[in-house]
Amino acid sequence: MESAAHRLAQVESRILHACGIAGRPRRDVELIAVSKTHDAPEILPLLEAGQRVFGENRVQEAQGKWPQLRESFPDVALHLVGQLQSNKAEEAVALFDAIHSLDRPSLVKALAKAMDKAGRRVPLFVQVNIGAEEQKGGCAIAELPALLDQARAADLPLAGLMCVPPLDVEPAPFFALLDKLAGDHGLAGRSMGMSGDYETAIMLGATHVRVGTALFGDRG
Ligand SMILES: *Cc1c(COP(=O)(O)O)cnc(C)c1O
């Protein structure tokens, strides 16, 4: 089996290559190592190899492993990349440094309240249901302007838009659409691209790529 350090170096070199083709500086793209389902012994080698930005999709799972890892690596940044229930907003604001799944008005309210209470502002990405899929999280494209207005009215720190394109379809048109929507709404961040398509996403403007399998191997 390849080492975590080796996999990280491979992903890094592909990111660098994609940035080069797109004429973008490497620093414009944040690599989020999605460590969901993986435990501390699997995460440690990546920390030791220098990776500092990680993603989790469940508040509870993240609470179970990150406080302890952070004692040894206090400069870690944690991103929530999974659905967030309103009743977990306070815990999410306490633990995470960015949240990629703002997708409905009730969450605007819950996050505004949680941030006021904690005195802590956590950058937010609005998740867009970019392929108009019925079972998928994310705000409908038609509802995006209203949701952004609500978030701005609540003075939430908006970092950008996030999407997970439909499975088994060419993702590029969906990345291009998210890039356009972000531009139309004056948002700098584009959280898009996973293990199978992060290079494509970078060429289409991704500022945050969320990579799990390519760094950790398959999830059991
Ligand atoms: C699991 C997950 C990822 C990482 O997916 P890989 O294909 O393993 O790279 C990225 N984004 C979200 C929202 C996820 O849930």
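Residues numbered from 1 in each chain as written. Predicted model: local features only at pLDDT ≥ 70, side-chain atom pairs only at ≥ 80, totals over all residues. Heavy atoms only, no water.

Visitor: Please set out helix 5 (residues 105-118) residue by residue, giving values where relevant.
Guide: Here helix 5 spans 20 Å end to end across 14 residues, near enough to the 20 Å set by a 1.5 Å rise per residue. Within helix 5 the residues assigned to the buried category are L107, V108, A110, L111, A112, A114 and M115. Packing partners of the buried residues in helix 5 comprise helix 4 (89-95), strand 4 (98-102), strand 5 (124-127) and helix 6 (144-153). G119 occupies a position one or two residues after helix 5 and carries a positive phi of about 60°. (Helix = DSSP H or I, 4+ residues; strand = E, 2+ residues; numbered from the N terminus. Expected span 1.5 Å × (residues − 1). Buried < 20%, exposed > 50% of the residue type's maximum accessible area, 1.4 Å probe, protein only. Contact = heavy atoms within 4.5 Å.)

Visitor: Pulling in residues and values, what's your account of unusual backbone geometry?
Guide: Backbone geometry places T37, a non-glycine residue, at a positive phi of 70°. With respect to the secondary-structure elements, T37 resides in the loop between strand 1 (30-34) and helix 2 (40-48). Since its relative accessible area comes to 48%, T37 is described here as partly exposed. A positive phi is found at D155, a non-glycine position, where the angle reads about 60°. Tracing the backbone through its elements, the reader meets D155 in the loop between helix 6 and strand 6 (158-162).

Visitor: Break down the site of the ligand for me, with residues and values.
Guide: Residues in close proximity to the ligand include V34, K36, V81, M162, M194, S195, R210, V211, G212, T213 and R219, which together make up its full environment. With respect to the ligand, the side chain of T213 contributes an N or O atom lying 2.5 Å from an oxygen atom. For the ligand, whose accessible area on its own is 390 Å², the fraction buried by protein is 87%. Here the shell around the ligand is built from residues that sort into 5 nonpolar, 3 polar and 3 charged. (Near = heavy atom within 4 Å. Polar contact = N/O pair within 3.5 Å; in protein donor to acceptor, adjacent residues only side chain to side chain. Areas by Shrake-Rupley, 256 points an atom, 1.4 Å probe, with all protein chains shown as cover. Nonpolar A, V, L, I, M, F, W, Y, C, P; charged D, E, K, R; others polar.)

Visitor: Which residues make up the pairing of strand 4, and what values do they have?
Guide: Within strand 4, 5 of the 5 residues are buried, which leaves the element mostly enclosed by the surrounding structure. As paired strands, strand 3 (residues 77-80) and strand 4 are joined by 2 bridges and run parallel to one another. Bridging from a neighbouring strand, L80 pairs with I99 of strand 4. For the crossover that starts at strand 3, traverses helix 4 and ends in the parallel strand 4, the hand is right-handed. Summarising the sheet, strand 4 and strand 5 pair through 2 bridges and their orientation is parallel. Bridge assignment links I99 to a residue of strand 5, and that residue is L124. Between the parallel pair strand 4 and strand 5, the chain is carried across by helix 5, and the sense of this crossover is right-handed. (Pairing = 2+ DSSP bridges. Right-handed = clockwise from strand over helix to strand, strands pointing away.)

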